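These are the residues of each chain, in order.
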Amino acid sequence: MSSDRFGTSANYKQQEKGYRDRALKLFPWVCGRCARAFEFSNLRELTVHHMDHDHTNNPNDGSNWELLCIYCHDNEHAKYTDHANYTTEVKAGDTNQDTATYNPFADLKSMLKK
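Let us look at the structure shown here. Note that the structure is a prediction, hence the values are computed from the model and not measured. (Residues numbered from 1 in each chain as written. Predicted model: local features only at pLDDT ≥ 70, side-chain atom pairs only at ≥ 80, totals over all residues. Heavy atoms only, no water.)

For the protein, the count of helices and strands is 3 helices and 2 strands. When burial is assessed residue by residue, the protein has 25% of its 114 residues classed as buried. Within the protein, contacts between residues at least 6 apart in sequence are counted, and of these 46% link residues at least 24 apart. About 8,300 Å² of surface is accessible on the protein, with carbon and sulfur atoms providing 54% of the total. (Helix = DSSP H or I, 4+ residues; strand = E, 2+ residues; numbered from the N terminus. Buried < 20%, exposed > 50% of the residue type's maximum accessible area, 1.4 Å probe, protein only. Contact = heavy atoms within 4.5 Å. Areas by Shrake-Rupley, 256 points an atom, 1.4 Å probe, with all protein chains shown as cover.)

Here you go:
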C-alpha cells in the first residue's frame, strides 16, 4: 500500500493542508456534531472529516467534508474500530449522537431588556 493511504508522505501532507484550508473557508468554524464553536486561537482542534472515508476524494465544493472537533472526529472513526471488534452495524455518515438543540440566543431579546 502507498504511504499516501496512511498519510505519511510529504505529498499527502501538502494535499491535506490544501483541503483543510479550503474547508475552513467554506464552512463556519463549528463542529458538525456537537455544535462547539471555534475561534482562531483553538482552530487547531477543528478537523476535516471525509464523510466517505476516502481522503483522496476532495471535491472543490466540499461536499465530502464536514468539520468536526477532535473529540467528535475520534468518535466517528471509533465506530469503525468498534464494528471490527464487536461486529456492530456501521454506515458512513451515520451518527450515534443526537444533534445539538441548544440555542444560546433563543431568549436574547428579553435578556437585553433587563
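This is not the end of the story, as more comes after the structure.
The phi torsion of most residues other than glycine is negative, and most of the peptide bonds are trans. Despite not being glycine, Ala-35 has its phi angle at roughly 65°, a positive value. Looking at where Ala-35 falls in the secondary structure, it is placed in the loop between α1 (10–26) and β1 (46–50). With relative accessibility at 41%, the residue Ala-35 sits in the partly exposed group. Here His-53, not a glycine, exhibits a phi torsion of approximately 65°, which is positive. On the secondary structure map, His-53 appears in the loop between β1 and β2 (65–69).

This part takes up the pairing of β2. β2 sits mainly inside the fold: 5 of its 5 residues count as buried. The alternating pattern of β2 places Trp-65, Leu-67 and Cys-69 on one face and Glu-66 and Leu-68 on the opposite face, and all of these are buried. Two elements, β1 and β2, share 5 bridges in a ladder whose sense is antiparallel. Note on β2: the bridge partner recorded for Thr-47 is Leu-68. (Pairing = 2+ DSSP bridges.)

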